[in-house]
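A look at the structure
Each chain, letter by letter, is given below.
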Amino acid sequence: MPFKAKRRASNPPRRKAGSKLLSPTLDCSPQSELAEELLHTIYDSSPVGIYVLQDRRFQYVNSKFVKRTGYSKDELLGMDAMGLVLPEDRNMVRESAIEMLKGKRFSPYEFRAITKAGEPRWIIATVSSIHYRGSRAVLGNYMDITERKRAEEALQENEEQYRMLVEDALVGIMNVDITGKITYVNKSILEATGYSWGEMVGKNAFSLGLISSEMVKTLRKRLKEKLMGQPPGLLEIQCKRKDGEWIWLQIRGKVLQKGNVPVGIQITGDDITERKQVVEALRQSEERYRTILEEMEDSYFEVDLGGHFTFVNNATCRSLGYSDKKLIGMSYKKVTLENDIESVFQIFNEVYRTGKPNKSCLWTIVRRDGTHRLIEHSALPLRNDKGEIIGFRGVGRDITKRKLAEEALKTSRASFHNIVDMSADGVVVTDSNGVIRFVNQALESLLNHKADELLGEMFVFPVVAGETTEIDIVRRDGKPGVAEMRVVETKWDGETAYLASVRDITERKQVEEKLRELDHMKSELISNISHELRSPLHSTQGFTKLMLQKKVPDPETQEEFLTIIDEQIERLGNLIDDLLDMSRFEAGRFSIQKRRTSVRDVIHDAVGSFDCLAKESSLTINEDIPASLPEVEADEERLKQVLSNLLSNAIKFRQDSSPIMVKVENRGSELLVQVIDHGIGIPAEAMSHLFEKFYRAKDTMARGGTGLGLYISKQLIEAHGGRIWAESKPGKGSTFYFTIPKPKQKRKKIGEILVAAGLITRRQLEEKLKKQQDGNIRP
Amino acid sequence: MNEKILVIDDDPNALRFIEYTLEQEGYQVLLAKDGLEGIKKARDEHPSLIVLDVMLPGLDGYALCQQLRQKPETSLLPILMLSAKARQGDKDIGLRMGADDYLTKPADPSVIIAKVKDLLAGTSQIISKNPDMEKSQG
């Protein structure tokens, strides 16, 4: 019974005037038992906790209050009210209650109470001053608001988190109302656009200049669609920053609603400028590579590990003659020369094993039309994201033409080398420092060194472009020689070089030397001829003048002189004949008149012509001629000339009165004639020159003459088909030999027999013989 | 006393011609058919003058002339070269080698005689023109 306790209270609180919470007119004094009863009933049915304090102690608690505190009614009555308040809140509660009781505060106050179980509860309370049972008391209203408080706290916490999330989100967030006015932007948007909060919020999103007018149209349309309930979609737009720079944003719009009414749009956006740039760069780069791949002359292809084409460029299609569709999936084997397939496999296999590209490998491809092309390839590994080799890339260049050109060059080089090597002239190429870079065979033999001994060495002779010099060489026979070297500037492997052609001119030099000698001999000859001509002229003219001047009265002396004149004139005549013969030989206009001739008769004649001389100077000329001697085909006069020449030489060089012998031997197909003297002989060095024209022995041998006698004799004997030579021992004498061939009459005899037998006519024979002769003459 | 003239020539006909020509003028004529014989006779026979051919076998006229000039006893001996070598160059060589005069074959007998007479007459004049020779004479 709650009122029991109040009854027990000896000093009920004085009723304070001005208490307004409960009706101040309500008199809760005990004098009105009935009223109190009614009041308690009302209080107990209230959903609010109600209590009455006197001296801070509970005098009355309604059932709601009891329920809230967890205490029983009996426990509460008489309990200090502050015992229910969380100690930290007690001061606040006391002050608030006092202020309220004094009429300074009107709003309820909140505090934390503690239930009997120790659980804190949020309470909202008001107090007012009343008279209870005759004394002042405090009427309190008490409401547990813990649930509401918790909900509020949770909401507040949530909101704070949400706000921070939005505020600091990397994603830009912008709220616009249905008119397009910006109601909110987060940091990301500010950073991305370069505007400040104040510059954006409250402004129309479309009139900021942030978006191009075209984009504005699109966006307005989108906005309308959005508000009409279109599903959300992504949109990429270009925005102009405050500083004028354009950025790319990817945005998404979400309709903001209040109840079911759309009030605006929340736009979230990502700055995708960098991504856009990367994508664009990638696109350009890809396009560039694609262009290069498609436009380039070299073929580019990719194959899988099995060797099937997975990508081909235009050049590959052109090169192979297939369309890309046909090629994709085709095996490399189908377009590779059968002989090369294995080596191509090895090449790719090695690339696969080592992971290293092969930058230069050759193989031949077979085009669709069956023709072959030689291609220089690079083979590279093709990797996936993980770096694993999943195939190969190849780049190929058609070098068929180059190869052909190289071959042609090689061939032409080879033939050039051949020509150069075959050349009789030595060829040497040196670089600008004189180091030998090339020599041909002829030069090897000219310098007597092998090419490998010469290459890389300094060339021993100085090379000056445009000059021709004579250099001394050692010829193959080890004898010294002379070579002529001409140098021209040239290019060798692209560098300035010198090409020297070296010609062995030893022979030419010898010929030149000989010519000089000959020239000298000729002037000697002229001098000699002049002397030879003058000498007989001199005596002839001298004797003639003496006689004309009547200084020779004596008839015998006259005869002596006339004889000399006669001889000298003959000598002049012979001399002139010799000179004429020589000039005929020289001009090739010399001919002999062959006739059947008895060698014996010719010798008799020749020896006979020296009778006169023989008588005067105890000269003996013996003849040794076989009794039977065949006739020969010869020019009698010329044969006699040869004999006279040899005899006159024998006489000229005889010693004392030793006899001279003319001997004839019948030897097989020819007659051998010898003229033997026991004269001074011929020095060894003169022997080889005896039959050369203009040759005249020196010193003791110098006995006048034209130097033409033996030369003419040799020409004459050779014109007869014979040979002439000499043997000699100085001091002992000399023997001159010559041969005259015996005529071959066999064929003619057969012909004669045929004619004699009447088998052919003489005319037929002659024609036949003439034909044969012509046939022989014809080359 | 008849003056002695030495004729050197390898052509017997030439020797005969000059011999006869000079003998007709009263000179005593010595003959030599080559250079060696000529040099021997020039030394041994003391000729007053030499008629010398150039183209001789072995020792030729130029060399012979030079040798004679180098020997004191023949250094002043008049030498008339008579040669079939008719070029001016040949004549120059002859004079340089010491010949006093040079005639070309064929030569007229009267020209030969005139030259010989000139040379024989001129000996004293040539000597008087040469102080060295005067000295050696003295």
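Residues numbered from 1 in each chain as written. Chains lettered and ligands numbered in written order. Predicted model: local features only at pLDDT ≥ 70, side-chain atom pairs only at ≥ 80, totals over all residues. Heavy atoms only, no water.

Focus: the overall build of chain A
Looking only at helices and strands, chain A has 25 helices and 27 strands in total. Considering only contacts in chain A between residues 6 or more positions apart, those separated by 24 or more positions represent 49%. Within the structure as shown, chain A displays about 46300 Å² of accessible surface, and the carbon and sulfur contribution to it stands at 53%. (Helix = DSSP H or I, 4+ residues; strand = E, 2+ residues; numbered from the N terminus. Contact = heavy atoms within 4.5 Å. Areas by Shrake-Rupley, 256 points an atom, 1.4 Å probe, with all protein chains shown as cover.)

Some points on the confidence of the model for chain B
All names here are of chain B. Looking at chain B, the pLDDT average stands at 83 and 88% of residues meet or exceed 70. Under a pLDDT of 50 for its full length, residues 124–138 has, in the predicted model, six contacts with residues more than four places off or in other chains. In the model output, the complex is listed with pTM 0.40 alongside ipTM 0.83. (pLDDT = per-residue confidence, 0-100.)

Regarding a negative patch on the surface
Residues and elements named next belong to chain A. On the surface, D601, D605, E631, E636 and E637 cluster together into a negatively charged patch. For the negative patch, the elements supplying multiple residues, two or more each, are helix 19 (599–608) and helix 21 (636–652). Assignment of secondary structure puts E636 in helix 21. (Patch = residues over 30% accessible without salt bridge, like charges linked within 9 Å, V, L, I, M, F, W, Y side chains within 5 Å. Salt bridge = Lys/Arg side-chain N within 4 Å of Asp/Glu carboxyl O. Lys, Arg positive; Asp, Glu negative; His and termini not counted. Charge placed at Lys NZ, Arg CZ, Asp CG, Glu CD.)

Considerations on empty space enclosed by the protein
Residues and elements named next belong to chain A. With the rule as written, the count across this model stands at one cavity of 30 Å³ or more. Of the voids in this model, the largest cavity is the one considered here, and its volume is about 390 Å³. For the lining of the largest cavity, the secondary structure elements donating two or more residues are strand 6 (172–177), helix 7 (187–193), helix 9 (213–227), strand 8 (234–240), strand 9 (246–258) and strand 10 (261–271). When its residues are assigned to classes, the lining of the largest cavity shows 16 nonpolar, four polar and three charged. (1 Å grid on protein atoms, 1.4 Å probe; cavity = no way out; pocket = protein on both sides within 12 Å on 5 of 7 lines; lining within 4 Å. Points joined across faces, edges and corners; volume = space filled by probe spheres on them. Nonpolar A, V, L, I, M, F, W, Y, C, P; charged D, E, K, R; others polar.)

Side note on the nonpolar core
One finds A:I621, A:L643, A:L647 and A:F738 to be the most contacted residues of the largest nonpolar core, which totals 45 residues. At seven residues, the largest contribution of residues to this core is made by helix 21 of chain A. Core analysis: the second largest hydrophobic core is formed by 26 residues, A:I564, B:I5, B:V51 and B:V116 among them. (Core = buried A, V, L, I, M, F, W, Y, C linked by side-chain atoms within 4.5 Å. Buried < 20%, exposed > 50% of the residue type's maximum accessible area, 1.4 Å probe, protein only.)

Observations regarding the pairing of strand 5 (residues 135–144) of chain A
All names here are of chain A. Burial runs high along strand 5: eight of the 10 residues are buried. When strand 1 (residues 49–54) meets strand 5, the two strands line up antiparallel, connected through five bridges. Within the sheet, the bridge partner assigned to V52 lies in strand 5 and is L139. Sheet analysis places strand 4 (residues 120–132) next to strand 5, joined by 10 bridges and oriented antiparallel. Among the inter-strand pairings, V127 is bridged to a residue of strand 5, identified as G140. (Pairing = 2+ DSSP bridges.)

Topic: the sheet that holds strand 7 (residues 182–185) of chain A
All names here are of chain A. Taken in spatial order, the five strands line up as 7-6-10-9-8 in an open sheet, and their pairing is antiparallel. Each edge of the open sheet carries a strand with a single partner, namely strand 7 and strand 8. Taking the axes of each pair of neighbouring strands and ignoring which way they run, one obtains an average angle of 30° across the sheet. Here strand 9 pairs with strand 10 via 10 bridges, running antiparallel. For R252, the partnering residue across the bridge sits in strand 10 and is T268. On top of the sheet, helix 10 (residues 273–295) reaches strand 8, strand 9 and strand 10; it is set at about 135° to strand 9, its chief contact. (Axes fitted to C-alpha atoms, helices over the stretch in contact; angles between N-to-C directions.)

Notes on the interface of chain A and chain B
Between chain A and chain B, the contact holds 25 residues from the first and 26 residues from the second. Summing both partners gives a buried area of about 2000 Å² for chain A against chain B, and 59% of it is carried by carbon and sulfur. Among the residues chain A hides against chain B, the three largest losses belong to A:H531, A:R534 and A:H538. Together they make up 32% of the total. In this assembly, chain A and chain B are joined by two salt bridges. (Buried area = accessible area lost by both parts, 1.4 Å probe.)

Examining the packing of helix 21 of chain A against helix 23 (residues 709–719) of chain A
Residue and element names in this part refer to chain A. Orientation of helix 21 relative to helix 23, taken along the N-to-C sense of each, is 145°, at an axis distance of 9 Å. When you trace helix 21 past helix 23, the crossing you get is left-handed. Contacts between helix 21 and helix 23 pair R638, L639, Q641, V642, N645, L646 and N649 from the former with G709, L710, I712, S713, L716 and I717 from the latter. Counted by class, the contact of helix 21 with helix 23 contains seven nonpolar, five polar and one charged residues. (Left-handed = near helix turned anticlockwise from the far one by under 90°.)

Section: helix 23 of chain A
Residue and element names in this part refer to chain A. Among all positions of helix 23, only G709, L710, Y711, I712, S713, L716 and I717 are buried. Tucked inside the fold, the buried residues of helix 23 contact helix 18 (555–587), helix 21, strand 26 (724–729) and strand 27 (733–741). Once helix 23 finishes, G721 follows within two positions and takes phi at roughly 85°, a positive value.

Some words on unusual backbone geometry
Residues and elements named next belong to chain A. Residues other than glycine seldom take positive phi values, yet D55 does so here, at roughly 55°. Considering the arrangement of structural elements, one finds D55 in the loop between strand 1 and strand 2 (57–61). Overall, D55 belongs to the exposed group, its relative accessible area being 61%. Although it is not a glycine, R133 sits at a positive phi angle of roughly 55°. The buried category is assigned to R133, whose relative accessible area is 6%.

Re the side chain of A:R638
Residues and elements named next belong to chain A. Among the structural elements, R638 can be located in helix 21. Residue classification places R638 among the buried positions, given a relative accessible area of 15%. If sequence neighbours within four positions are ignored, R638 has contacts with D581, R584, F590, I592, L716 and H720.

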